[in-house]
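Spelled out from the first residue to the last, the chains are:
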Amino acid sequence: MSRLLAGPTHAALSPAQQAYLERVIRVDQAGELGADLIYAGQYLALSHNKKLKPVLKHMWDQEVHHRSTFNSLQGEHRVRPSIFTPFWKVGAFGMGFATGFMNKEAAMACTEAVETVIGKHYNTQLRVLTNNFADVKEFAADKCSDSKEIEHLKETIRVFRDQELEHLDTAIQHDSKNARPYWLLTETIKGVCKTAVYLAERI
Ligand SMILES: [Fe+2]
Ligand SMILES: [Fe+2]
């Protein structure tokens, strides 16, 4: 049972809220695992590029932190991982390595596409957690306040969303728009990410 349901000072989540919360944690854990491995693949493929390495490493370190945060949330809330997890691992590393192997611009176009989709994805989650969880309150010393756990989750997503958007800016600053074929590359990767999000939310 989730801590949100177990906590005596919390209003219980409705079945729809509980299902949504599990979906958020499952898909975000899968997504951050994927992001960690995309950067791992890019870092390996571009390890000869001394100028780019620290830029990639900085973003990669942030993804490692995102991944471990959602790993913890997954354990705390006992959310089962996506059954496609082995596939996400191979696919993400492959996508990072392949674009890095093409060239630096292709790797940056990959980052631009991924972070565009993930930035919007996190914004959607923030909207739903704000609008559809307003009735989840906690009660202490006769005071009623917003659930600290929902607020904490929202703050986590907000911080990560901002970092994903920084990664997007970094990719553009490092010539993502010069990738060839830019449109095909970015639209294909956006399609892959949207499909992965759809599946990881559900299965
Ligand atoms: Fe991330
Ligand atoms: Fe990112």
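All of these numbers come straight from a predicted model, not from anything done at the bench. (Residues numbered from 1 in each chain as written. Chains lettered and ligands numbered in written order. Predicted model: local features only at pLDDT ≥ 70, side-chain atom pairs only at ≥ 80, totals over all residues.)

Tallying secondary structure elements over the protein gives seven helices and two strands in all. For the protein, the sequential pattern of α-helices and β-strands runs α-α-α-α-α-β-β-α-α. Along the first, second and third principal axes, the C-alpha set of the protein runs to 60 × 30 × 25 Å. Here the protein, with 203 residues, has 39% of them falling under the buried criterion. Considering only contacts in the protein between residues 6 or more positions apart, those separated by 24 or more positions represent 82%. (Helix = DSSP H or I, 4+ residues; strand = E, 2+ residues; numbered from the N terminus. Buried ≥ 20, exposed ≤ 12 C-beta atoms within 10 Å, placed from the backbone. Contact = placed C-beta atoms within 7 Å.)

For the rest of this paragraph, the subject is the nonpolar core. Core analysis: the biggest nonpolar cluster contains 48 residues, and I38, Y39, A109, C110 and V114 have the highest contact counts within it. Elements with a contribution of two residues or more to this core: helix 2 (15–45), helix 3 (53–77), helix 4 (85–102), helix 5 (104–131), helix 6 (148–173) and helix 7 (182–202). In contact with C110, not counting residues within four places along its chain, are I38, M95, G96, T99 and I189. (Core = buried A, V, L, I, M, F, W, Y, C linked by C-beta atoms within 7 Å.)

Another point: the UniProt feature "binding site: Fe cation 1" (unreviewed entry) in the protein. The residues that UniProt annotates with the feature "binding site: Fe cation 1" (unreviewed entry) are E32, E63, H66 and E164. Despite a sequence span of 133 residues, these residues sit close together in the fold, their greatest C-alpha distance being 10.5 Å. Of note, H66 is situated in helix 3. Residue classification places H66 among the buried positions, given that 24 C-beta atoms sit within 10 Å. Apart from residues lying up to four places away in sequence, H66 is in contact with E32, A35 and F160. In this fold, E164 is placed in helix 6. Filtering out sequence-adjacent residues up to four positions away, E164 remains in contact with E115, I118, G119 and Y122. (UniProt positions renumbered as here; feature names shortened; annotations may be inferred.)

With 25 residues, helix 3 should cover 36 Å at 1.5 Å per step; its first-to-last C-alpha distance of 36 Å lies within 8% of that length. What helix 3 keeps buried is the set L56, M59, W60, Q62, E63, H66, R67, F70 and H77. Two residues or fewer after helix 3 comes R78, characterised by a positive phi angle close to 50°. (Expected span 1.5 Å × (residues − 1).)

Okay, the UniProt feature "binding site: Fe cation 2" (unreviewed entry) in the protein next. With numbering matched to this structure, UniProt assigns "binding site: Fe cation 2" (unreviewed entry) to E63, E115, E164 and H167. Across 105 residues of sequence, these annotated residues stay compact in space, with a maximum C-alpha separation of 11.5 Å. Among the structural elements, E63 can be located in helix 3.

Attention now goes to the pairing of strand 1 (residues 137–140). Bridging between strand 1 and strand 2 (residues 143–146) involves four bridges; their strand directions are antiparallel. For F139, the partnering residue across the bridge sits in strand 2 and is C144. The antiparallel pairing of strand 1 with strand 2 creates a hairpin that spans two residues between the two strands, and A141 there sits at a positive phi of about 50°. (Pairing = 2+ DSSP bridges.)

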